[in-house]
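# Notes for the structure review
Residue-level listing of the chains:
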Amino acid sequence: MAVEPALSALTPGAFSGTVLRSDFAVFDRPTRSGKRLVFLDAAASAPKPRTVVDTMADAYSHHYANVHRGIYELSEDATGLFEAARGKVAAFIGAPSKREIVFVRNATEAINLVAYSWGRANVHSGDRVVTTQLEHHANIVPWQQLTAEVGATLDYVAITDDGRLELDDLREKLGNGPKLLAVAAVSNALGTINPLAEIVKMAHEAGALVLVDAAQAAPHMPIDVAALDCDFLALSGHKMLGPSGIGALWGRRELLDAMPPFMTGGSMITKVTMEGAEWNEVPHKFEAGTPAIVEAIGLGAAIDYLTNLGMDAVREHERYLFERAWPALGEIPGVRRFGPNDAETHAGVISFVLDGIHPHDVATVFDSEGVAVRAGHHCAQPVMLRYDIPATTRASFYVYNDLDDIDALTSAVRATQTLFAG
Ligand code: PMP
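All of these numbers come straight from a predicted model, not from anything done at the bench.

### Examining the layout of surface pockets
Counted as a void, the largest pocket has a volume near 350 Å³. If you trace the largest pocket, you find 26 residues lining it, with His136, Asn188, Gln216, Lys239 and Cys379 closest to the centre. Looking at the lining of the largest pocket, the elements with two or more residues in it are α4 (107-122) and β14 (374-376). For the lining of the largest pocket, the element with the highest residue contribution is α4, accounting for 3 residues. Partitioning the lining of the largest pocket into residue classes produces 10 nonpolar, 11 polar and 5 charged.

### Notes on the sheet that holds strand β11 (residues 335-338)
Across a sheet, strands are paired by hydrogen bonds formed along the backbone, either parallel or antiparallel in direction. A sheet is described by the order of its strands in space; here 4 strands give the open sequence β11-β12-β15-β14, paired in antiparallel fashion. Taken across any chain shown, the strands that pair with only one partner, and hence form the sheet edges, are β11 and β14. Here the average twist between neighbouring strands, direction ignored, is 30°. Bridging between β14 and strand β15 (residues 392-396) involves 3 bridges; their strand directions are antiparallel. When the bridges of β15 are listed, Gly376 appears paired with Thr392. Across the face of the sheet, helix α11 (residues 311-330) comes into contact with β11 and β12 (349-354) while running at roughly 140° to β11.

### A short note on the packing of helix α12 (residues 359-368) against helix α14 (residues 403-421)
Where α12 contacts α14, the two axes come as close as 9 Å, and the packing angle between them is 115°. Between α12 and α14 the crossing geometry is right-handed. Contacts between α12 and α14 involve Asp361, Val362, Val365 and Phe366 from the former and Leu409, Ala412, Val413, Thr416, Leu419 and Phe420 from the latter. Within the contact of α12 with α14, the residues separate by chemical class into 8 nonpolar, 1 polar and 1 charged.

### Regarding the pattern of salt bridges
Per the stated rule, a full pass over the model turns up 27 salt bridges. Residue Asp155 pairs with Arg128 through a salt bridge whose shortest N-O separation is 2.8 Å. With Asp155 in strand β4 (residues 153-157) and Arg128 in strand β3 (residues 128-132), the pair connects residues that are 27 residues apart, well separated along the chain. Of the residues examined, Asp155 reaches a relative accessible area of 9% and is grouped as buried. Judged by its relative accessible area of 25%, Arg128 falls in the partly exposed class. Across the salt bridge formed by Arg253 and Asp257, the nearest N and O atoms sit 3.3 Å from each other. Here Asp257 and Arg253 lie together in helix α9 (residues 253-258), a separation of 4 residues that amounts to about one turn. Accessibility expressed as a relative area gives 41% for Asp257, which makes it partly exposed. Ionic contacts of the salt-bridge type, sharing partners, join the residues Glu83, Arg86, Lys98 and Glu287 into one network.

### Quick look at α11
With 20 residues, α11 should reach 28 Å at 1.5 Å per residue; the first-to-last C-alpha distance of 28 Å fits that figure. Where burial is concerned, most of α11 is hidden: 15 out of the 20 residues are buried.

### Points about the site of the ligand
Taken together, Asn106, Ala107, Thr108, His136, Ala138, Asn188, Asp213, Ala215, Gln216, Ser236, His238 and Lys239 are the residues near the ligand. Between the ligand and Gln216, the relevant distance is 2.6 Å, taken from an oxygen atom to a side-chain nitrogen or oxygen of the residue. Notes on the ligand: free accessible area 390 Å², of which the protein chains cover 88%. More than half of the atoms of the ligand fall within 2 Å of the grid points belonging to the largest pocket. Broken down by class, the residue content of the shell around the ligand amounts to 3 nonpolar, 7 polar and 2 charged.

### A few points about the pairing of strand β9 (residues 269-272)
Note that β9 and strand β10 (residues 277-279) share 3 bridges and pair antiparallel. Opposite Lys271, over in β10, you have Glu278 as the bridge partner. The loop that links β9 with its antiparallel partner β10 comprises 4 residues.

### Points about the nonpolar core
Core analysis: the largest hydrophobic core is formed by 83 residues, its most contacted members being Ile93, Leu233, Met240, Leu241, Tyr398 and Val399. Ranked by residues supplied to this core, first place goes to helix α10 (residues 293-309) with 10 residues. Leave out the neighbours within four places in its chain, and Leu241 touches Phe24, Ala46, Pro47, Lys48, Pro49, Val52, Ala302, Tyr305, Leu306, Tyr398 and Val399.

### Observations concerning the sheet that holds strand β8 (residues 247-251)
Pairing is mixed across the open sheet formed by 7 strands, whose spatial order is β2-β8-β7-β6-β5-β3-β4. Where the open sheet ends on each side, the last strands, each with one partner, are β2 (101-104) and β4. Adjacent strand axes in the sheet meet at a mean angle of 20° when their direction is disregarded. As defined by bridge partners, strand β6 (residues 209-213) adjoins strand β7 (residues 232-236) across 3 bridges and the pair is classed as parallel. For Leu211, the partnering residue across the bridge sits in β7 and is Phe232. Sheet strands touched by helix α7 (residues 196-205): β5 (180-184) and β6. Its angle to β5, the strand with the most contacts, is close to 170°.

### With respect to the confidence of the model for the protein
Low pLDDT means the predicted atomic positions in that stretch should not be read closely. Of the residues in the protein, 97% reach a pLDDT of 70 or more, and the chain-wide mean stands at 95. Of the regions scoring below 50 in pLDDT, residues 1-10 engages in 11 contacts with residues more than four places distant in sequence or in other chains.

### Points about the pairing of β7
Within β7, 5 of the 5 residues are buried, which leaves the element mostly enclosed by the surrounding structure. Burial of β7 is two-sided: the residues Phe232, Ala234 and Ser236 facing one way and the residues Leu233 and Leu235 facing the other way are all buried. Bridge analysis of β7 against β8 gives 5 bridges, and the strand direction is antiparallel. By the bridge assignment, Leu233 is partnered in β8 with Trp250.

Parameters and conventions
- Residues numbered from 1 in each chain as written.
- Predicted model: local features only at pLDDT ≥ 70, side-chain atom pairs only at ≥ 80, totals over all residues.
- Heavy atoms only, no water.
- 1 Å grid on protein atoms, 1.4 Å probe; cavity = no way out; pocket = protein on both sides within 12 Å on 5 of 7 lines; lining within 4 Å.
- Points joined across faces, edges and corners; volume = space filled by probe spheres on them.
- Helix = DSSP H or I, 4+ residues; strand = E, 2+ residues; numbered from the N terminus.
- Nonpolar A, V, L, I, M, F, W, Y, C, P; charged D, E, K, R; others polar.
- Pairing = 2+ DSSP bridges.
- Axes fitted to C-alpha atoms, helices over the stretch in contact; angles between N-to-C directions.
- Contact = heavy atoms within 4.5 Å.
- Left-handed = near helix turned anticlockwise from the far one by under 90°.
- Salt bridge = Lys/Arg side-chain N within 4 Å of Asp/Glu carboxyl O.
- Buried < 20%, exposed > 50% of the residue type's maximum accessible area, 1.4 Å probe, protein only.
- Expected span 1.5 Å × (residues − 1).
- Near = heavy atom within 4 Å.
- Polar contact = N/O pair within 3.5 Å; in protein donor to acceptor, adjacent residues only side chain to side chain.
- Areas by Shrake-Rupley, 256 points an atom, 1.4 Å probe, with all protein chains shown as cover.
- Sits in = over half its atoms within 2 Å of the grid points.
- Core = buried A, V, L, I, M, F, W, Y, C linked by side-chain atoms within 4.5 Å.
- pLDDT = per-residue confidence, 0-100.

As structure tokens, this is what we get:
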């Protein structure tokens, strides 16, 4: 039988979400329902703190020019801020060098970059790639495309009833000698925190490289690629309080050096003749064209904000909210929750269904209560298949959430059930 966390064992959150709410201008706006905005959809995209918006407005107003090219003060200024942001991303994930940080649009592009560049050069007919049934489509479809194109096989690691990876199945799939394992650090659909250190070790022992999809982990918990010992890591800025349109791929230097470019054009070359071109060094080899300059600077500001809170404290705060929300939802008859039952392996993402009520209807009633949640398959249709459901309602927490938000969540569940019972 499932064991609920003991309420008496809970410690207070590392900081109060109530205090942080005022850092986010969005909470000043009135809602259609006239109720307090309870934002529980950070897993889709997070609100931006004022400091990110202000930094970007300042960059556009006073520091904007194209980067890396201009031999004049404004361009040098913009280049300095852009490259400083790269350094912030590197420090944030423990990368040995900022040269290993490639700016991309989002985690999806980061994964596609690896699938196209590293994948087409290293995965051949008869080879294998392993992903899992727990993944977001962004960490499935690029591998489906690659393996179909080159005649390789894609294997999926199964998931347990409580939303964990079947480690025995992983061991078996790794036993076939795959070239790469592509795995999420945290599931966006179930909130599962995968035992990455153990997984990376198993994959390396089997001779596979490991790509970590950290889209849901980098915003919420400390990440250290050096300690993790993975080979590639993908993240999205917009989920970690930064702007949309900017994300990062981290890769081991020797891997990035050996990989062909993904896109070609300006900035990524050192020399172009009419016969051909020579590539710039990393990371510029992978950054063709004018980059998302101010978005990168905004991501740097988001990282400053998170670093100032401390990523251990961010994780602690979300664990505190989870430890209250999970049993509170479990106490309500007719609520089915998904994912691991313990706060150690469950991030601040709770997927659930209400008996007899479609998740889209749930989200609509929640909206009338001022509670913003996501309903759908969360771009993880194989997960829905595993539990034989079309969709779930998903509540996801972040730094600005507090206990009032958890109360609003459970009240919204009861209000929905009352409405549909009537
Ligand atoms: N992986 C995971 C686990 C995600 O949650 C998401 C976004 N929902 C992505 C990848 C893709 O992120 P993006 O849309 O920013 O590229």
